[in-house]
Amino acid sequence: LKKVYEESGREFVKIDDLNAAYDADTKACIYEVRSVYDKTLGAGVYNRAEYERSIQVGAALTDKRIPECEFSDNEGENISELNRQLCEETALYWIWKHTKEDYLGLVHYRRHFLLPTDWKQRMVKNDIDVVLPIPLYVGPSIAENYRFRHVAEDWDVLMDVLKSGADETADRAEAIFRGNLYFPCNIFIMRREVLQEYCSWLFPILFKVMERVGEHVDAYQNRYPAFMAERLLTLFFAVHKDRYSIIYADKNFLG
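As the structure is a computational prediction, the values presented were derived from the model and not from experiment. (Residues numbered from 1 in each chain as written. Predicted model: local features only at pLDDT ≥ 70, side-chain atom pairs only at ≥ 80, totals over all residues. Heavy atoms only, no water.)

Peer 1: Describe the overall build of the protein chain, naming the residues involved and giving the relevant values.
Peer 2: For the protein chain, the count of helices and strands is nine helices and nine strands. Taken over the C-alpha trace, the protein chain has a radius of gyration of 18 Å; the compact-globule value for 255 residues is 18 Å, and the two agree within 12%. Dimensions of the protein chain along its principal axes, counting C-alpha atoms only, are 50 × 50 × 35 Å. Across the 255 residues that make up the protein chain, the buried fraction comes to 55%. When contacts within the protein chain are restricted to residue pairs at least 6 apart in sequence, long-range pairs at least 24 apart make up 73% of them. Surface summary for the protein chain: the accessible area is close to 12,200 Å², and the carbon and sulfur share equals 47%. Within the protein chain, the 42 negative side-chain charges are centred at a point lying 3 Å from the centre of the 33 positive side-chain charges. (Helix = DSSP H or I, 4+ residues; strand = E, 2+ residues; numbered from the N terminus. Rg over C-alpha atoms; globule rule 2.2 N^0.38 Å. Buried < 20%, exposed > 50% of the residue type's maximum accessible area, 1.4 Å probe, protein only. Contact = heavy atoms within 4.5 Å. Areas by Shrake-Rupley, 256 points an atom, 1.4 Å probe, with all protein chains shown as cover. Lys, Arg positive; Asp, Glu negative; His and termini not counted. Charge placed at Lys NZ, Arg CZ, Asp CG, Glu CD.)

Peer 1: How would you sum up helix α3 (residues 89-98)? Please name residues and give values.
Peer 2: Where burial is concerned, most of α3 is hidden: eight out of the ten residues are buried. Listed as buried for α3 are E89, T90, A91, L92, Y93, W94, I95 and W96.

Peer 1: Would you mind going over the pairing of strand β8 (residues 188-191) in detail, with residue names and values included?
Peer 2: Burial of the side chains of β8 extends over both faces: F188 and M190 are buried on one face and I189 and R191 on the other. Sheet topology places strand β4 (residues 103-108) next to β8; four bridges connect them, and they run antiparallel. Bridging across to β8, L106 finds its partner in F188. (Pairing = 2+ DSSP bridges.)

Peer 1: An account of the environment of C29 is requested, with residue identities and associated values reported.
Peer 2: Locating C29 in the fold gives a position in strand β1 (residues 28-34). With a relative accessible area of 3%, C29 lands in the buried category. Residues C29 and G105 lie 76 residues apart in sequence; the distance between their C-alpha atoms is 6.2 Å.

Peer 1: Requested: an account of the environment of A59, with residues and values cited.
Peer 2: Relative to the assigned elements, A59 resides in the loop between β2 (52-56) and β3 (71-72). On the accessibility criterion, A59 (1% relative accessible area) is buried. C-alpha of A59 to C-alpha of N74: the two residues are 15 residues apart in sequence and 5.8 Å apart in space. Setting aside residues up to four positions removed in sequence, A59 forms contacts with R65, S72, D73, N74 and S80.

Peer 1: Can you tell me about helix α8 (residues 192-213), naming the residues and giving the values?
Peer 2: With 22 residues, α8 extends 31 Å from end C-alpha to end C-alpha; this agrees with the ideal 32 Å at 1.5 Å per step. Where α8 terminates, the next one or two residues include G214, which has phi positive at roughly 75°. (Expected span 1.5 Å × (residues − 1).)

Peer 1: Which residues make up the side chain of E88, and what values do they have?
Peer 2: With respect to the helices, strands and loops of the structure, E88 is situated in the loop between α2 (83-86) and α3. Buried and without a salt bridge, E88 has R111 as its closest oppositely charged side chain, separated by 5.9 Å. Not counting residues within four places of it along the chain, the set of residues in contact with E88 comprises V33, L106, H108, C185, N186 and A226. (Salt bridge = Lys/Arg side-chain N within 4 Å of Asp/Glu carboxyl O.)

Peer 1: Please provide a residue-by-residue account of the packing of α3 against α8, values included.
Peer 2: Between α3 and α8, the least distance of the axes is 10 Å, while the angle of their chain directions is 135°. Compared by their axis directions, α3 and α8 come out oblique. Where α3 crosses over α8, the two elements pack in a sense that is left-handed. Across from E89, L92, Y93, I95 and W96 in α3, the residues of α8 making contact are L195, Q196, Y198, C199, S200, L202, F203 and F207. For the contact of α3 with α8, the per-class residue count stands at ten nonpolar, two polar and one charged. (Axes fitted to C-alpha atoms, helices over the stretch in contact; angles between N-to-C directions. Parallel < 35°, antiparallel > 145°, perpendicular 65-115°, else oblique. Left-handed = near helix turned anticlockwise from the far one by under 90°. Nonpolar A, V, L, I, M, F, W, Y, C, P; charged D, E, K, R; others polar.)

Peer 1: I'd love a proper account of the pattern of salt bridges, names of residues and values included.
Peer 2: If you walk through the whole model with that rule in mind, you get 15 salt bridges. A salt bridge links R34 to D38; the shortest N-O distance between them is 3.4 Å. Residue class for R34 comes out buried when judged on its relative accessible area of 14%. The exposure class of D38 is partly exposed, given its relative accessible area of 29%. The shortest N-O distance in the salt bridge between R122 and D118 comes to 2.8 Å. A relative accessible area of 14% means that R122 is categorised as buried. The class of D118 is partly exposed, set by a relative accessible area of 23%.

Structure representation (structure tokens):
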């Protein structure tokens, strides 16, 4: 990855490579997405870090509540009822509308970042805007991989919606999606201002696609907006790589 990034004029830096400095005023929280449909972890209980807080998604669709969750995605302004399609993005929408921390993160019940204990201080000292997961290689391209794994016509709708936009992501989408590296799982940590800009761009795109595509009978393929969001995360930060200071972190995948 370092070589690939260097060849494209970028730098690949992991959070583990950075130095830290104490900053008592920094407020940060990583929100762990939970669902009533989560299966018991095979490797035992995950010990949530002190900076993680849990949010139940799809809360508008069930009367069941997860005792460990401090928050539910149906509180206040929300899109909780769309969780069957948007998955963890209903938590992101809630975070966007309701939280106030300086740094905000999103992880899953089974997918967490592997972070040094002083990760917040490292981000502050080095003026980091975004932490993304280590990118995955997919072939033959991001676009064709999506079309093979999901409903190809849905991707065509997404591209049409992107091309109808007036920002620079519309002009660069096809070229970026011809690449092979993308950021999986819809997990990240962002400075508050970056998250606000990202969400203001992301959700109108997803809503327009959903208006045109509707719902799929197949429950897995019905999650297409969440699958698209992974690719859109990749697009957004590829386009804005020079505006933001971006680093990377490993993740676990609990079985």
